[in-house]
Amino acid sequence: GAEKRIKMKNTQEIVKENLIEKISKLKDIPTLVMIQLMNDRTYDEYHRKLKEDCDNMGIDLVYFNFERFTQNEICNMIVAFNNDEIVDGIIIQSGAPYGYVYVNCISSEKDVSILKDDSVFDKIEYFDEEMQRFSILENVVEAYRRLNNE
């Protein structure tokens, strides 16, 4: 029980410290775009935690709520983010299967939550939500490095 929780917490702290160190060595600030497609308290809480992680680690989180946009408008905006050299990663928060309509709009190089089969990132199994967020942020850093040849 308690010993396992302590080991998990230590692992999380090590992952967080390593990520902060990697980010500190980059020439610029990585940028993650988060798109929320529906209002939901669970997604709001996830956004709050992800924003806190990004602020603490030095990643710029840009948040959009596209709930009132058409499917075509949303895909066009995702394609624009794909083509924006400042955007390093894109994640979508939505209720399945609604959000899967937009997965193919995300480029494989910016699919940091690994929704696509051809994502350039390695799929990892998470043991909790915090590690899942850290993994996404790790992928944002990797995307930044690839896109900026660092």
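Remember, predicted model here, so these are calculated numbers, not experimental data.

## Quick look at the packing of helix H2 (residues 41-57) against helix H5 (residues 129-148)
- At a closest axis distance of 11 Å, the pairing of H2 and H5 adopts a crossing angle of 55°. One finds that H2 runs oblique with respect to H5. Seen along the crossing, H2 lies across H5 with a hand that is right-handed. Between H2, through Tyr46, Lys49, Leu50, Asp53, Cys54 and Met57, and H5, the contact on the second element is made entirely by Glu129, Gln132, Arg133, Phe134, Ile136 and Leu137.
- Residue composition of the contact of H2 with H5, by class: 7 nonpolar, 1 polar and 4 charged.

## Some words on the environment of Met77
- Along the polypeptide, Met77 turns up in helix H3 (residues 71-83).
- Separated by 29 residues in the primary sequence, Met77 and Ile106 have C-alpha atoms spaced 10.0 Å apart.
- Beyond its immediate chain neighbours, meaning those up to four positions away, Met77 contacts Phe66 and Phe69.

## Structural notes on the nonpolar core
- If you look at the biggest cluster of nonpolar residues, it comprises 23 residues, and the most contacted ones within it are Leu32, Leu50, Cys54, Ile59, Ile91, Val112 and Leu137.
- Counting residues per element, the ones that place at least two in this core are helix H1 (2-24), strand E1 (31-36), H2 and H5.
- Among the elements that take part in this core, H5 stands out by supplying 8 residues, more than any other.
- Setting aside its immediate chain neighbours within four residues, Ile91 contacts Leu32, Val33, Met34, Ile35, Tyr46, Leu50, Val112, Ser113 and Ile136.
- Membership of the second largest hydrophobic core comes to 14 residues, among which are Ile74, Val87, Tyr102 and Ile106.

## Topic: H2
- If you check H2, its first and last C-alpha atoms are 24 Å apart, about what 17 residues at 1.5 Å a residue would give, namely 24 Å.
- All buried positions along H2 are accounted for by Tyr43, Tyr46, His47, Leu50, Asp53, Cys54 and Met57. Looking straight down H2, one finds that the buried residues subtend no more than 130° of arc, so they occupy a single side.
- Of the residues trailing H2, Gly58 is marked for its positive phi of about 95°.

## Details of unusual backbone geometry
- The phi angle at Ile114 is positive, at roughly 55°, despite the residue not being glycine.
- Assignment of secondary structure puts Ile114 in the loop between helix H4 (100-103) and H5.
- Even without being a glycine, Asn149 presents a positive backbone phi close to 55°.
- Topologically, Asn149 is positioned in the segment after H5.
- Residue Asn149 is classed as exposed on the basis of its relative accessible area, which comes to 73%.

What counts, and where the lines are drawn
Residues numbered from 1 in each chain as written. Predicted model: local features only at pLDDT ≥ 70, side-chain atom pairs only at ≥ 80, totals over all residues. Heavy atoms only, no water. Axes fitted to C-alpha atoms, helices over the stretch in contact; angles between N-to-C directions. Helix = DSSP H or I, 4+ residues; strand = E, 2+ residues; numbered from the N terminus. Parallel < 35°, antiparallel > 145°, perpendicular 65-115°, else oblique. Left-handed = near helix turned anticlockwise from the far one by under 90°. Contact = heavy atoms within 4.5 Å. Nonpolar A, V, L, I, M, F, W, Y, C, P; charged D, E, K, R; others polar. Core = buried A, V, L, I, M, F, W, Y, C linked by side-chain atoms within 4.5 Å. Buried < 20%, exposed > 50% of the residue type's maximum accessible area, 1.4 Å probe, protein only. Expected span 1.5 Å × (residues − 1). Arc of directions from axis to C-beta.

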